[in-house]
Number of protein chains: 2
Amino acid sequence: MSTMHEHAEEKDLPFDVFARACPSRVTLEHVTGRWGALTLGALHEGSLRFNELRRRVDGVSEKMLSQTLQALERDGLVHREAQPTNPPRVDYELTPIGREVATRLISLIQFVEGRMGDVLAARERYDTTRGAR
Amino acid sequence: MSTMHEHAEEKDLPFDVFARACPSRVTLEHVTGRWGALTLGALHEGSLRFNELRRRVDGVSEKMLSQTLQALERDGLVHREAQPTNPPRVDYELTPIGREVATRLISLIQFVEGRMGDVLAARERYDTTRGAR
DNA sequence: CTGTATCCACTACGATACTG
DNA sequence: CAGTATCGTAGTGGATACAG
């Protein structure tokens, strides 16, 4: 192994999210961010228009959805298809890379959803045993 | 299929992150949050002490690491083992559920790291074609 | 319909100092 | 070492109005 760090099975990739200045950390934040994760998750089911997304991602504001989509498009994870019609129609869909990211995200999301019973139980235990804190 | 929504392969789970008020969304945010994801990722390599984590998760402040760990412990994803010695020694490690979450997170992180070349290229293209914007 | 622009509240976060 | 407490700031994010 030609690596100089002490962490076990680590590839010698040029990008490391654990490093403060690594650009991959920024992209990871776009992907896992509050609205990024839900947006990618929604688009995993298929192409959607702006307001369809807005309804699907319950609670997102126009501004944040717009910002989120721009960041994801810039990172090459989402493709924006604008039709020059009137009224305008814009469809968003995942790129091939975006689809792979979304697949992994969905796996995480569904696992968390499936274990919420345990999580809620753990919280009760925590709050009870530690009382007021 | 006994489902009444229009989304394809969806299980009839009681929890749905896409719903604004669902507690699973809060947990997902703990997990995918800026420091939550990196903390779980670091712990996936093995048990770590507070300051070891602090060094591994480059850039995290004491305060944020402390908050992050408390949230993850409360959700039952991280176990905190405090030794009543002097000086104190506290080890953090993943719970079984935490380990499964971290595995999925790692898969996402490594994929993103591996595709940063494409991401960076996509950004260049975006910034060039849209010029100043 | 698909956004952008503006304003404002809140809170997440970092720096620092301090405690057990 | 392992945190907690306090404070100040910068940015997140919502509401609203408006533009193409």
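Residues numbered from 1 in each chain as written. Chains lettered and ligands numbered in written order. Predicted model: local features only at pLDDT ≥ 70, side-chain atom pairs only at ≥ 80, totals over all residues. Heavy atoms only, no water.

### Quick notes on the interface of chain B and chain A
Accessible area lost upon the coming together of the parts serves often as the stated size of an interface. Quick reminder of the rule: Residues count as neighbours in contact if any of their non-hydrogen atoms are within 4.5 Å of one another. Accessible area that two parts lose when put together, evaluated with a 1.4 Å probe and summed over both, is termed the buried area. Salt bridge criterion: a side-chain nitrogen from Lys or Arg within 4 Å of a carboxyl oxygen from Asp or Glu. Distance and chemistry together define a polar contact, namely a pair of N or O atoms within 3.5 Å, with one atom able to donate a hydrogen and the other to accept it when in protein, and with adjacent residues in sequence counting only for side-chain atoms on both sides. A run of H or I in DSSP becomes a helix once it reaches four residues, and a run of E becomes a strand once it reaches two; helices and strands are each numbered from the N terminus. When residues are grouped by polarity, Ala, Val, Leu, Ile, Met, Phe, Trp, Tyr, Cys and Pro land in nonpolar, Asp, Glu, Lys and Arg in charged, and all others, Gly among them, in polar.
Opposite the 58 residues of chain B that make contact, chain A presents 58 residues. Carbon and sulfur atoms supply 62% of the area buried between chain B and chain A, which totals about 5,800 Å² over both sides. The largest per-residue losses of area from chain B upon contact with chain A belong to Phe18, Arg74 and Glu113 of chain B, which jointly make up 14% of the total buried on that side. Where chain B meets chain A, there are 10 salt bridges. One salt bridge in this structure joins Arg34 of chain B and Glu29 of chain A, with 3.6 Å as the shortest N-O distance. Counting across the chain B and chain A interface gives 19 residue pairs in polar contact (both at pLDDT 80 or more). Of all the secondary structure elements, the ones that give two or more residues to the side of chain B that touches chain A are helix H1 (23-32), helix H2 (34-43), helix H4 (62-74), helix H5 (96-114) and helix H6 (116-129) of chain B. Looking at which element gives the most residues to the side of chain B that touches chain A, the answer is H5 of chain B, with 12 residues. Class assignment of the residues belonging to the side of chain B that touches chain A gives a composition of 25 nonpolar, 12 polar and 21 charged.

### Quick notes on the confidence of the model for chain A
Defined as follows: Confidence of the predictor at the level of single residues is captured by pLDDT, which takes values from 0 to 100.
Averaged over all residues, the pLDDT of chain A equals 89, while 89% of them reach at least 70. Confidence drops under pLDDT 50 across residues 1-6 of chain A; counting only partners more than four residues distant or on other chains, this segment forms three contacts.

### With respect to the protein's contact with DNA strand D
Heads up, the condition is: We define proximity as follows: a residue is near a molecule or strand when any one of its heavy atoms falls within 4 Å of that partner.
Around DNA strand D lies a shell of 20 residues, among which Lys63 of chain A together with Arg49, Ser66, Arg80 and Tyr92 of chain B are the nearest. Among atoms of DNA strand D positioned within 4 Å of the protein, sugar and phosphate together represent 60%. Within the contact set of DNA strand D, a base oxygen lies 3.1 Å away from a side-chain nitrogen or oxygen of Glu62 of chain B. Contact between DNA strand D and Tyr92 of chain B: a phosphate oxygen at 2.6 Å from a side-chain N or O atom of the residue. For the surface near DNA strand D, the elements supplying multiple residues, two or more each, are helix H2 (34-43) and helix H4 (62-74) of chain A together with helix H3 (50-56), H4 and strand E3 (89-94) of chain B. Looking at which element gives the most residues to the surface near DNA strand D, the answer is H4 of chain B, with four residues. Along the lines of polarity and charge, the residues of the surface near DNA strand D split into seven nonpolar, five polar and eight charged.

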